[in-house]
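# Tertiary structure, described
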Amino acid sequence: MGTQRLVYLLGPEANALIFKHDEWFRAREAFAALEIVDGPTSVVLSDGEDHVRRRGLIRPAVAPRRIDGYLSTMAGAADEALERIRPGEAFDAYAVLRSAIRRSTLRILFAGSMAHHADDLGDLLQPLLDLSDKLPPVLSWHRRLRTPAWRRAMAARTALDAFVGREIARARATAPSEQDDRAGAMLPLLVHGRDGRGSGLDDQEVRDQVVTMIAAGYETTGAAMGWIVYLLGLHPQWQARARDEVASVLGERAPDPAGLAQLSLLRAIVSEALRLYPPAMISARYAVEGFEHRGERVRPGDLVIFSPYATHRDPGVYREPLRFDPSRWLDEPAPASSEFIPFGGGKHRCLGSGLATAELTVFLARLLRHGPFRLNRPPTSARGFSAVRPHPGVTITIQST
């Protein structure tokens, strides 16, 4: 690809090799296209000691105890969106639920004033997301030529940074308190958090982690939700079983930590959808050291590509890999960490994986509570680079119960 040599290492053995030897690679060059959105200090683009420090300071905000406190926020955002839909009315479930997940993410991150501007922030982020979805050489030409798309993205980033900067300043001016802790907002944790050496995140680092969580929190999770709806529309028998589980475990209640733990079939459906349609179908690392794999030499400077999509659909790893079968997550041993990688692996495994799977399970439970749905129009293709989404959407109709 231009002067860049690409090396494809596919399958569980290659995944395990890449995840085990983090010191052979850098993430910054591999994910350079994301810098336009996430910023230069994002944990996604960080390496070495910077990555370890930033990851450690972010981790408390997405710890299991914290996620338990976010469940009611997720359910509320889902219900607000779905209650506007009338039985018998066809709608694009991907678009509706993606917007609801964005609102949920903003409320989890910031609670107060920023959450009220979720749709405005989505409008600001979209020109940036559109550019980050381009292949690196295409993005480079947009930058060099200062195309209209590039100029729109830069104007959007300026406005986005100003918005986020005001929230960071407000959080800096407010001392951390038990009230902040109970409110369930992440921003105070990012602003006031300290590691064992007393180190915290500066304003640029907070900004970059915040925008990373916003973008990843609804772009990739929204795409995954679209595929879940599509698969359950194709397989009404699994949808019926899932509805029975929701009715039996939760009734009309929103999921709480105990209830979520009992939704084993819903969690299996989420895992099976992530297996078939991992939002990041390919991922990469930039090689800084040479090494051999199966007799082939990887050189410093190579861009090493690995693929969750290829691994998850490998018949040597999964029986009948193209078949949607959630029972494989209920009746069979869990796959190895190199065999199921929707969130990557190793030291760069996505920190928000627990938050994302909880959000997908909660949103699915609330959708099923509203009644059985029929797939009216399936997606015609999968689109995207950093988050592969159903195109042009997933049109369904919720039927009366």
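Residues numbered from 1 in each chain as written. Predicted model: local features only at pLDDT ≥ 70, side-chain atom pairs only at ≥ 80, totals over all residues. Heavy atoms only, no water.

## Description of the pairing of strand β7 (residues 303-306)
- Here β7 shows a buried face lined by L303 and I305 and a second buried face lined by V304 and F306.
- The pairing of strand β1 (residues 6-8) with β7 spans three bridges and is parallel. Within β7, the position partnered with V7 by the bridge is V304.
- One ladder, built from four bridges, connects strand β4 (residues 283-287) with β7; its direction is antiparallel. Counterpart to A284 in the pairing with β7 is I305. (Buried < 20%, exposed > 50% of the residue type's maximum accessible area, 1.4 Å probe, protein only. Helix = DSSP H or I, 4+ residues; strand = E, 2+ residues; numbered from the N terminus. Pairing = 2+ DSSP bridges.)

## Focus: the sheet that holds β4
- Here we have four strands laid out as an open sheet, ordered β1-β7-β4-β2, and mixed in their pairing. Of all the strands in the sheet, just β1 and β2 (25-26) have a single pairing partner and so form its edges.
- Taken strand by strand, helix α1 (residues 12-20) contacts β2, β4 and β7, and its axis lies near 130 degrees from that of β7. (Contact = heavy atoms within 4.5 Å. Axes fitted to C-alpha atoms, helices over the stretch in contact; angles between N-to-C directions.)

## Observations concerning the pairing of β4
- Within β4, five of the five residues are buried, which leaves the element mostly enclosed by the surrounding structure.
- Of the two faces of β4, both are covered, the one formed by S283, R285 and A287 as well as the one formed by A284 and Y286.
- Summarising the sheet, β2 and β4 pair through two bridges and their orientation is antiparallel. Across the sheet, residue R26 finds its bridge partner in β4, namely Y286.

## Overview of the confidence of the model for the protein chain
- Here the protein chain averages 91 in pLDDT, while 96% of its residues score no lower than 70.
- Per-element confidence in the protein chain is highest for helix α14 (residues 264-276), whose mean pLDDT is 98, and lowest for helix α9 (residues 178-183), whose mean pLDDT is 46.
- This stretch, residues 178-182, has a pLDDT under 50; its non-local contacts, to residues over four places away or in other chains, come to five contacts. (pLDDT = per-residue confidence, 0-100.)

## Structural notes on helix α11 (residues 203-234)
- In this model, α11 (32 residues) spans 46 Å end to end at C-alpha, consistent with the 46 Å of a helix rising 1.5 Å per residue.
- Residue D202 occupies the N-cap position of α11, its side-chain oxygen lying 3.1 Å from the main-chain nitrogen of Q204. (Expected span 1.5 Å × (residues − 1). Polar contact = N/O pair within 3.5 Å; in protein donor to acceptor, adjacent residues only side chain to side chain.)

## A few points about the environment of R86
- When you line up the elements, R86 lands in the loop between α4 (64-82) and β3 (90-92).
- When the C-alpha atoms of R86 and R374 are compared, they prove to be 14 Å apart, with 288 residues separating the residues in sequence.

## Considerations on the sheet that holds β3
- Judged by pairing direction, the sheet is antiparallel, and its three strands sit side by side in the order β3-β11-β8 without closing on themselves. Each of the sheet's edge strands pairs with one partner strand only, and the pair in question is β3 and β8 (373-377). Strand after strand, the sheet turns through a mean of 35 degrees between neighbouring axes, direction not considered.
- Relative to strand β11 (residues 395-398), β8 is paired through four bridges, and the arrangement is antiparallel. Counterpart to F373 in the pairing with β11 is I398.

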